[in-house]
Amino acid sequence: MKNYQLVGIGNAVVDVITHADDSFLDLMGIEKGIMQLVDRDRSETLYASMNDRLQTPGGAVANTVAGVGALGLQTAFIGRVRDDALGHFYASAMTDNGIDFVNPPVEDGEVPTSRSMIFVAPDGERSMNTYLGISTGLTSADVPSAVSGNARIMFLEGYLFDHDAGKTAFREAARATKAGGGMAGIAISDPFCVERHRDDFLSLIENDLDYVIGNQHEIESLFQTDFETALAKTAEICPLVIATRSGDGVSVLGDGRRVDVPVQEVTPVDATGAGDQFAAGFLYGLATNRDLEICAKMGNLCAAEVISHVGPRPQTDMMKVFEKEGLA
């Protein structure tokens, strides 16, 4: 039986990245700097409009799993792809990166593999247009208990919480991980996810999860209040709360204490994946029994690296960076 230090469950999305200036965004009716969901027709229109496409396996939690895998830990990812060209690209790319992609491509049905068309402006702002495709059909049947029950850390993607079957799969996966002696947590993903499912979100966090990661706006949305109050309230129902605050650093509440870690200002080339790689650094630290402050510093370094280039995954050997910073 294989043991995993990190298992992620999330949307298996092929990121398709290109550069575009503001006039092109206006021409195509793309709202700058946000992630918006698009339908299949719109996704095909945007895909056709892209020049110099860079295709890479994406999805927020998948990016985190890849970051942790690149640091040398044993990882697996659970997500749905279609038996089509993008689906095979995704599965092969994950496997090539040393990640166990445990779900075979789905052969029946007509819904294609998920993809996100990402337009990067000259100032580094990215506009994400995501067609969720087959990813949203994830159910408990897609989550092998042999994988979730043998995870040291389980990491769930908030976007999949939009569907009842996904909610059930998350609860079952979290409970299987905890029954096996591991810990389970979630990336909130988006304030709008919380607004649509606030009671269920809070119930999952309080009853089934050991940690939660979110940015300031996502944490605030949990209790519809200011950051400090929301952070304290979240800590009352969850043993470990990690809140990123962009240029204001990271706040961590756990082990009966609070840690605030500043960040070094970095001018982004492409902000895609910053939160995902922060989570990778933090969870790597957690999986290797580092102090919470060290975990946060590792997360900050991973985030700083990924925004220094185009693409949502690290291109630098982060272990060498950790060693240079005295964190390894």
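Residues numbered from 1 in each chain as written. Predicted model: local features only at pLDDT ≥ 70, side-chain atom pairs only at ≥ 80, totals over all residues. Heavy atoms only, no water.

1. Comments concerning helix 8 (residues 198-208)
All of the buried residues along helix 8 are Arg198, Phe201, Leu202, Leu204, Ile205 and Asp208. Along its buried surface, helix 8 packs onto helix 6 (164-179), strand 10 (183-187), helix 7 (191-196), strand 11 (211-215), helix 9 (216-223) and helix 10 (227-237). (Buried < 20%, exposed > 50% of the residue type's maximum accessible area, 1.4 Å probe, protein only. Helix = DSSP H or I, 4+ residues; strand = E, 2+ residues; numbered from the N terminus. Contact = heavy atoms within 4.5 Å.)

2. Quick look at the layout of surface pockets
Taken as a whole, the second largest pocket holds about 160 Å³ of empty space. As for the second largest pocket, its lining consists of 13 residues, and the residues nearest its centre are Thr56, Pro312, Arg313, Pro314 and Gln315. Taken together, the elements giving at least two residues each to the lining of the second largest pocket come down to strand 4 (54-58) and helix 3 (60-70). Ranked by residues supplied to the lining of the second largest pocket, first place goes to helix 3 with three residues. Among the residues making up the lining of the second largest pocket, the classes are represented as six nonpolar, six polar and one charged. (1 Å grid on protein atoms, 1.4 Å probe; cavity = no way out; pocket = protein on both sides within 12 Å on 5 of 7 lines; lining within 4 Å. Points joined across faces, edges and corners; volume = space filled by probe spheres on them. Nonpolar A, V, L, I, M, F, W, Y, C, P; charged D, E, K, R; others polar.)

3. Details of the sheet that holds strand 8 (residues 126-131)
Strand order in the open sheet made by the five strands is 3-8-7-2-4, with mixed pairing throughout. The outermost strands of the open sheet, each flanked by one partner alone, are strand 3 (35-37) and strand 4. Across the sheet, the axes of successive neighbouring strands diverge by a mean angle of 25 degrees, strand direction being ignored. Both strand 2 (residues 13-19) and strand 7 (residues 114-120) contribute to a ladder of seven bridges, which runs parallel. By the bridge assignment, Thr18 is partnered in strand 7 with Phe119. On the sheet, helix 4 (residues 85-96) packs against strand 2, strand 4 and strand 7 and is oriented at approximately 65 degrees with respect to strand 4. (Pairing = 2+ DSSP bridges. Axes fitted to C-alpha atoms, helices over the stretch in contact; angles between N-to-C directions.)

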